[in-house]
Amino acid sequence: MSVRVTMTLNGKEVSAEVEDRTLLVSMLREKLGMTGTHVGCDTSQCGACVVHVDGRSVKSCTVLAAQCDGASVTTIEGLAKGNTLHPMQEAFRDNHGLQCGFCTPGMVMSALDLVARNPDPSEHEIREWLEGNLCRCTGYHNIVKSIKAGAQAMRGGK
Amino acid sequence: MADTGIGAAVRRTEDLRFLTGKGRYTDDINRPGQLYAYILRSSVPHATIRSIDTAAAVAAPGVVAVYTGADMAGAGVNGLPCGWQVHSKDGEPMKEPAHPPLAVGKVRHVGDPVAVVIAESYAQAREAADAIALDLEELPAVADTRAASASGAPQLFDEVPGNLCYDWEIGDKAVNDAAFAKAAHVAKLDLVNNRLVPNAMEPRCYIGDYDPTRGEYTLYTSTQNPHVIRLLMGAFVLGIPENKLRVVGPDVGGGFGSKIYHYAEEAIVTWSAGQLGRAVKWTAERSESFMSDAHGRDHVTHVELALDADGVFLAMRVSTLANMGAYLSTFAPCVPTYLYATLLAGCYRTPTVYCNVKAVFTNTVPVDAYRGAGRPEATYLIERIVDVAADETGIDPAELRRRNFIPKDAFPYQTPVALVYDIGDYDQTLDAALAAIDYQGFEARRAEAAKRGRYRGIGISTYIEACGIAPSNVVGSLGARAGLYEAAQVRVHPTGSVSVYTGSHSHGQGHETTFAQLVSDTFGIPFESVEIVHGDTDKVLFGMGTYGSRSLAVGGTAIVKAMNKVIEKARKAAAHILEASEADVEFADGQFRVKGTDRAMSFGEVALAAYVPHKYPLDELEPGLDETAFYDPKNFTFPAGCHVAEVEIDPDTGVVTLVNFAAADDVGRVINPMIVEGQVHGGVAQGVGQALLESCVYDAQGQLVTGSYMDYCMPRADNLPPVSVSTHVTLCPHNDLGVKGCGEVGAIGSPPAVMNAVVDALSALGVKHVEMPATPQRVWQAIRDAKGAAAA
Ligand code: FES
Ligand code: FES
């Protein structure tokens with residue numbers, strides 16, 4: 001059975017006809033061509049697929065598109081303002097928080113939810129928060145550094 | 001130039017697209033009219049295929065085609081080739097059984113591809129696969145490395161008695177035995193190097209496309225080496241000439257070795273696209289990655305080290321059983337031989353080393369090179385046996401190492417296992433790592449931890465590795481079926497910007513940044529004026545790709561060679577235009593200048609003159625400024641260093657916490673320190689993963705137990721402490737840049753450091769060895785056994 005799903009995606013209203021079993025990540029990638037959100041596993045563990053649904057980080061491989069009807073969804077594509085990166089994106093760039101880039105969208109989206117809940121997370125809190133995000137390249141060292149720097153920039157500090 | 005030149009921590013060019021979701025990985029690509037493939041895989045480890053009935057699947061909704069191994073073989077598709085031939089000690093070539101892309105006759109491991117269903121959607125292909133009637137007659141299976149070599153073990157191939165692929169040796173056994181006979185002390189150890197799953201975060205993905213009007217194939221593939229895939233698949237498997245086959249490796253989400261090899265699914269989608277005249281896409285699900293990406297390591301080893309009364313190493317002997325899995329993956333045979341046993345001298349002057357390696361087939365996923373490839377296995381056993389010797393002789397582990405180091409004035413140094421080390425300074429990195437971790441202050445920290453009821457231990461590991469593979473004549477004599485040079489083309493555009501086409505491939509290493517630093521520094525032009533192009537056989541003339549930490553040492557040097565050709569030609573042109581003799585024109589800071597005068601032309605002006613050759617020496621020089629170079633290295637490069645780990649163990653739970661880690665590495669000249677440090681961090685995390693968390697487990701029946709992230713423990717952010725990294729440079733003497741390679745040092749140096757720390761923490765209880773991974777259960781058991789033994 002197919003259903004029509006309408007959502008606000010990165011501030012714009014979008015709508016698509018999808019099969020009822022379609023996952024949010026499939027709708028984003030295959031129906032809407034938003035390929036910044038990645039799929040790295042089939043057991044909801046890697047976090048490459050993290051997006052925000054109504055402001056909370058969500059693994060988009062684990063939620064049905066139909067559940068997001070009427071919701072506001074933000075993906076990695078929705079963060080930068082024109083050519084100006086979001087401070088968290090900028091922090092990842094400054095601190096070499098990414099290598100192959102595959103885990104990166106999920107890392108950044110997850111980090112933003114952490115900072116929304118805890119504007120000044122400690123290193124330990126960052127490491128614990130990232131439990132659901134796997135990165136095989138960076139050893140996390142620079143991701144943790146990036147998130148700390150990003151949080152600081154978002155607090156307006158330097 | 002200092003802010004973007006050699007040695008500067010330049011922010012990466014590639015990050016902008018990755019951070020904004022604009023990366024273009026293979027699965028992000030879609031071709032018009034694209035179909036989707038689902039691969040039906042064996043769910044049993046070993047069976048005879050009695051029959052495959054695909055009729056119901058063919059009739060299922062959306063299905064366009066179903067192919068089996070018989071279909072592909074019938075159409076003339078060959079098996080997947082192996083790129084390296086090892087000979088047994090009796091001179092016999094290794095056993096090299098056929099490896100069809102889709103199984104023919106038998107399935108030999110869980111995950112072995114049996115049939116492909118191609119449909120309008122992936123869901124349709126997947127559902128239709130359920131309708132395939134696969135009649136299998138199960139056979140006894142063997143997954144365990146030791147068990148496979150035991151007499152009476154189930155046999156995978158009729159033509160491979162005892163599952164023995166080869167029985168290889170290196171070193172002079174008689175000399176070695178004689179040295180052991182004189183030993184004051186012999187340390188002995190049995191150890192296992194655990195099987196790992198590489199787990200690049202981007203699952204493998206391939207799209208085959210075919211243009212019938214031109215007879216041209218295109219393969220989009222998550223690979224580390226597009227040209228190698230074009231050669232292997234085109235020439236050996238599908239019989240497509242290079243001019244009709246384009247291979248594109250776009251953004252690739254990590255490789256770590258696992259994306260070097262030519263995989264069955266690449267051939268399946270390419271061939272199917274040709275059959276159907278439509279693009280065919282296949283994307284691995286993670287559970288498929290676990291059962292089809294080449295695994296790593298899986299050695300069972302016995303090692304002995306002979307020492308004299310002063311703790312000087314006299315000899316080492318090693319015997320290893322190496323698991324090849326069910327078929328030979330592309331470079332599998334060379335990993336436990338030429339990438340392993342040739343490194344067994346480590347950083348030490350051990351005068352004689354003998355190693356015997358038996359490689360066996362088992363009913364498991366093929367094993368091949370995974371980050372470090374052979375060198376982590378060598379380093380692990382060397383550094384563990386050195387610690388055992390230190391414990392048994394009562395010599396401090398740092399001192400024992402120092403006593404046996406090859407001194408820095410002994411280079412070039414001929415080891416007893418074929419390699420000639422070019423340069424190094426092992427004391428320097430040992431001192432640096434010990435200082436970084438405060439080795440002197442350790443006993444106080446141990447005592448403090450003991451007050452909290454924790455066992456604290458410290459572990460040292462020194463390592464050396466051979467990178468920058470490799471001199472083609474050397475590897476050719478050792479059985480490589482390819483040359484291992486690299487190619488580069490440096491194209492200067494009329495207004496002085498530059499495009500560089502490199503055969504190296506970046507899948508996280510940041511070549512677009514590092515290589516551009518190199519070029520802008522050499523030509524004296526802005527960093528932004530340089531574009532690095534890679535990963536497309538239609539753009540890049542040739543390449544051997546990225547593995548074995550070779551990109552900068554081999555690929556980068558090829559770029560330097562091509563840049564030198566550009567400068568030489570431009571110097572000739574400038575001399576003509578400046579009306580000076582060529583010998584009087586020097587090139588520095590982006591200017592061609594007549595020595596001792598202020599007559600000069602900028603790099604861009606000469607480029608323009610070469611493309612608008614109005615005042616140009618057309619009798620002597622062709623217009624244009626575009627040069628190509630192939631570089632074949634003279635030797636391997638030898639990164640080396642020291643890693644020190646400190647752990648705390650909770651005796652009640654067996655949980656090991658890595659509390660401190662210091663790496664001091666000599667990777668030669670550093671172009672971008674930020675990127676080098678990042679490479680070390682990542683490698684260390686994978687090494688810590690091997691030591692404490694990761695293990696690919698098969699049960700006795702050959703079922704894959706660790707088939708997902710639920711069962712296979714990947715390192716997470718909270719498993720790791722911050723890592724202290726420092727670099728200490730000795731310049732590689734035989735490449736223009738003095739570089740060595742940094743991609744693998746972390747994964748090589750760290751496992752023995754962590755394991756030596758674990759054993760050190762428990763040594764007061766009498767524990768002599770703990771196998772990797774040191775899981776809570778294993779450590780708890782070791783503590784319990786040791787306490788039991790003490791009480792008895
Ligand atoms: S794809 Fe791995 S958690 Fe969603
Ligand atoms: S940057 Fe490659 S997986 Fe994180």
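All values reported here derive from a predicted model rather than from experimental measurement.

Scoring rules and cut-offs
- Residues numbered from 1 in each chain as written.
- Chains lettered and ligands numbered in written order.
- Predicted model: local features only at pLDDT ≥ 70, side-chain atom pairs only at ≥ 80, totals over all residues.
- Heavy atoms only, no water.
- Helix = DSSP H or I, 4+ residues; strand = E, 2+ residues; numbered from the N terminus.
- Rg over C-alpha atoms; globule rule 2.2 N^0.38 Å.
- Contact = heavy atoms within 4.5 Å.
- Areas by Shrake-Rupley, 256 points an atom, 1.4 Å probe, with all protein chains shown as cover.
- Lys, Arg positive; Asp, Glu negative; His and termini not counted.
- Charge placed at Lys NZ, Arg CZ, Asp CG, Glu CD.
- Buried < 20%, exposed > 50% of the residue type's maximum accessible area, 1.4 Å probe, protein only.
- Domains from an automatic or database assignment.
- Buried area = accessible area lost by both parts, 1.4 Å probe.
- Salt bridge = Lys/Arg side-chain N within 4 Å of Asp/Glu carboxyl O.
- Polar contact = N/O pair within 3.5 Å; in protein donor to acceptor, adjacent residues only side chain to side chain.
- Pairing = 2+ DSSP bridges.
- Core = buried A, V, L, I, M, F, W, Y, C linked by side-chain atoms within 4.5 Å.
- Patch = residues over 30% accessible without salt bridge, like charges linked within 9 Å, V, L, I, M, F, W, Y side chains within 5 Å.
- Right-handed = clockwise from strand over helix to strand, strands pointing away.
- Axes fitted to C-alpha atoms, helices over the stretch in contact; angles between N-to-C directions.
- Parallel < 35°, antiparallel > 145°, perpendicular 65-115°, else oblique.
- Nonpolar A, V, L, I, M, F, W, Y, C, P; charged D, E, K, R; others polar.
- Phe/Tyr/Trp six-rings, centres within 6.5 Å; stacked < 30°, edge-to-face > 60°.
- Lys NZ or Arg CZ within 6 Å of the ring centre and 35° of its normal.

Student: What exactly am I supposed to notice about the overall build of chain B here?
Tutor: When helices and strands are counted, chain B shows 20 helices and 28 strands. For 792 residues, the compact-globule formula gives about 28 Å, and the C-alpha radius of gyration of chain B, at 28 Å, lands near that figure. Taken along its principal axes, the extent of the C-alpha atoms in chain B is 95 × 75 × 50 Å. Looking at chain B alone, contacts between residues at least 24 apart form 80% of all its contacts between residues at least 6 apart. Taken as a whole, chain B presents about 26,300 Å² of accessible surface, with 51% of it coming from carbon and sulfur. For chain B, the separation between the mean place of its 65 positive charges and that of its 94 negative charges on side chains is 1 Å.

Student: Is there a simple way to explain the overall build of chain A in this structure?
Tutor: In terms of helices and strands, chain A carries five helices and five strands. When the helices and strands of chain A are listed from N to C terminus, the series reads β-β-α-β-β-β-α-α-α-α. Against the 2.2 N^0.38 benchmark of 15 Å for 158 residues, chain A shows a C-alpha radius of gyration of 15 Å, consistent with a compact globule. Across its three principal directions, the C-alpha atoms of chain A cover 50 × 30 × 25 Å. Expressed as a percentage of its 158 residues, the buried residues of chain A come to 56%. Restricting to contacts in chain A with at least 6 residues of sequence separation, those with at least 24 account for 56%.

Student: Would you mind going over the domain arrangement of chain B with me for this structure?
Tutor: The figure often quoted for interface size is the accessible area lost as the parts come together. All names here are of chain B. On domain assignment, one finds that chain B holds domain 1 (17–139 + 201–254 + 259–292), domain 2 (393–469 + 636–791) and domain 3 (485–631). Taking the mean C-alpha position of each, domain 1 and domain 2 sit 38 Å from one another. Across the boundary between the two partners, domain 1 contributes 10 residues, which contact 11 residues of domain 2. Carbon and sulfur atoms supply 66% of the area buried between domain 1 and domain 2, which totals about 760 Å² over both sides. Where domain 1 meets domain 2, there are zero salt bridges. Here domain 1 is connected to domain 2 by two residue pairs in polar contact (both at pLDDT 80 or more).

Student: What exactly am I supposed to notice about the interface of chain A and chain B here?
Tutor: Taken together, the contact between chain A and chain B spans 44 residues of the former and 54 residues of the latter. Counting the surface lost from both chain A and chain B, the interface buries some 4,200 Å², and carbon and sulfur atoms represent 55% of this. The three residues of chain A that bury the most area against chain B are Arg93, His96 and Arg136 of chain A, which together make up 22% of that side's buried surface. For the interface between chain A and chain B, the tally reads seven salt bridges. Residue Asp28 of chain B pairs with Arg29 of chain A through a salt bridge whose shortest N-O separation is 2.7 Å.

Student: Looking at this structure, how should I read the pairing of strand E4 (residues 56–59) of chain A?
Tutor: Successive side chains on a regular strand alternate, one facing one side of the sheet and the next facing the other. Residues and elements named next belong to chain A. Note: strand E3 (residues 50–53) against E4, four bridges, orientation antiparallel. Paired with Val51 across the two strands is Val58, which belongs to E4. Hairpin connection of E3 to E4: two residues between the antiparallel strands, including Asp54 at a positive phi of 50°.

Student: Could you clarify how one ought to interpret the nonpolar core in this entry?
Tutor: Buried together is how nonpolar side chains tend to be arranged in soluble globular proteins. Residues and elements named next belong to chain B. Of all hydrophobic cores here, the largest spans 223 residues; its most connected members are Met316, Leu344, Tyr421, Leu692 and Val758. Here this core gets 10 residues from one element, more than from any other, and that element is helix H19 (residues 745–762). Filtering out sequence-adjacent residues up to four positions away, Val758 remains in contact with Val647, Ile649, Val656, Leu692, Val770 and Ala774. One finds Val498, Ala574, Val606 and Leu621 within the second-largest nonpolar core, a separate group that totals 48 residues.

Student: I'm lost on a nonpolar patch on the surface in this one. Help?
Tutor: There is a patch of nonpolar side chains on the surface, built from Leu608, Tyr611 and Val612 of chain B and spanning about 230 Å² of accessible area. Overall, Val612 of chain B belongs to the partly exposed group, its relative accessible area being 37%.

Student: Before we go on, may I ask you to explain the sheet that holds strand E6 (residues 133–138) of chain B in this structure?
Tutor: Hydrogen bonds between backbone atoms are what pair the strands of a sheet, whose relative direction is either parallel or antiparallel. All names here are of chain B. Within the open sheet, the three strands sit side by side as E4-E2-E6. Their pairing is antiparallel. Because the sheet does not close on itself, it has two edges, and the strands there are strand E4 (106–107) and E6. When strand E2 (residues 47–53) meets E4, the two strands line up antiparallel, connected through two bridges. Of the residues in E4, the one forming a bridge with Thr48 is Lys106.

Student: What should I look at first to understand the side chain of Thr637 of chain B in this one?
Tutor: Residue and element names in this part refer to chain B. Note that Thr637 resides in the loop between strand E25 (626–631) and strand E26 (640–649). According to the relative accessible area criterion, Thr637 is buried, its value standing at 2%. A distance of 2.6 Å separates the side chain of Thr637 from the backbone oxygen of Lys740, its partner in a polar contact.

Student: I would appreciate a short explanation of the pairing of strand E11 (residues 245–248) of chain B in the present structure.
Tutor: Residues and elements named next belong to chain B. Relative to E11, strand E10 (residues 216–221) is paired through four bridges, and the arrangement is parallel. Among the inter-strand pairings, Leu219 is bridged to a residue of E11, identified as Val247. With helix H7 (residues 226–238) bridging E10 and the parallel E11, this β-α-β connection has right-handed handedness.

Student: In this structure, what is going on with the side chain of Thr145 of chain B? I would like to understand it.
Tutor: All names here are of chain B. By the element assignment, Thr145 lies in helix H5 (residues 145–149). Take Thr145: its relative accessible area is 3%, and that puts it in the buried class. There is a polar contact of 2.6 Å between the side chain of Thr145 and the side chain of Asp298. A polar atom in the side chain of Thr145 sits 3.3 Å from the side chain of Asn323. For Thr145, the contacting residues outside a window of four places in its chain are Asp298, Val300, Leu321, Ala322, Asn323 and Val360.

Student: Is there a simple way to explain the packing of helix H16 (residues 551–577) of chain B against helix H17 (residues 603–611) of chain B in this structure?
Tutor: Packed helices, taken two at a time, are described by the angle between their axes plus the distance between the axes. Residues and elements named next belong to chain B. Running from amino to carboxyl end, H16 crosses H17 at an angle of 80°, the nearest separation of the two axes being 10 Å. Judged by the inter-axis angle, H16 sits roughly perpendicular to H17. When H16 is examined against H17, the residues Val566, Ala570, Ala573, Ala574 and Ile577 are found in contact with a partner set consisting of Phe603, Val606 and Ala609. By residue class, the composition of the contact of H16 with H17 is eight nonpolar, no polar and no charged.

Student: Could you clarify how one ought to interpret unusual backbone geometry in this entry?
Tutor: Residue and element names in this part refer to chain B. Following Ile469, the chain continues to Ala470 via a peptide bond in cis, the omega torsion being -5°. Secondary-structure assignment places Ala470 in the loop between strand E18 (455–464) and helix H14 (472–477). Cis geometry is found at the peptide bond from Met772 to Pro773, where omega equals -10°. Looking at where Pro773 falls in the secondary structure, it is placed in the loop between H19 and helix H20 (776–791). Of note, Asp438 is a non-glycine position whose phi angle comes to about 60°, a positive value. Inspection of the secondary structure assignment puts Asp438 in the loop between helix H12 (426–437) and helix H13 (442–451). Backbone geometry at Ser549 places phi at a positive 50°, although glycine is not the residue there. Position of Ser549 among the secondary structure elements: in the loop between strand E21 (530–533) and H16. Relative accessible area serves as the criterion here: at 14%, Ser549 is assigned to the buried category.

Student: Got a minute to help me understand the packing of aromatic side chains in this structure?
Tutor: Each aromatic ring pair is summarised here by two numbers: the centre-to-centre distance and the angle between the ring planes. Residues and elements named next belong to chain B. With the rule as written, the count across this model stands at 25 aromatic pairs over all chains. Here the aromatic rings of Tyr485 and Phe630 are separated by 5.7 Å at their centres, their planes lie at 55°, and the arrangement is tilted. Of this pair, Tyr485 sits in the loop between H14 and strand E19 (486–492) while Phe630 sits in strand E25, and the two are 145 residues apart along the sequence. Relative accessible area serves as the criterion here: at 21%, Tyr485 is assigned to the partly exposed category. Grouped by ring-pair contacts, the aromatic residues Phe313, Tyr348, Phe405, Phe411 and Tyr426 constitute a single cluster. The lysine or arginine in question, Arg17, covers the ring of Phe18, its NZ or CZ lying 4.9 Å from the ring centre. When the ring centre of Tyr354 is taken as reference, the NZ or CZ atom of Lys173 above it lies at 5.8 Å.

Student: Looking at this structure, how should I read the domain arrangement of chain A?
Tutor: Residues and elements named next belong to chain A. With domains assigned, chain A is organised as domain 1 (2–77) and domain 2 (87–154). Each of domain 1 and domain 2 has a C-alpha centre, and the two are 21 Å apart. Taken together, the contacts link 18 residues of domain 1 with 15 residues of domain 2. For the pair domain 1 and domain 2, the summed buried surface comes to about 1,200 Å²; carbon and sulfur atoms form 57% of the total.

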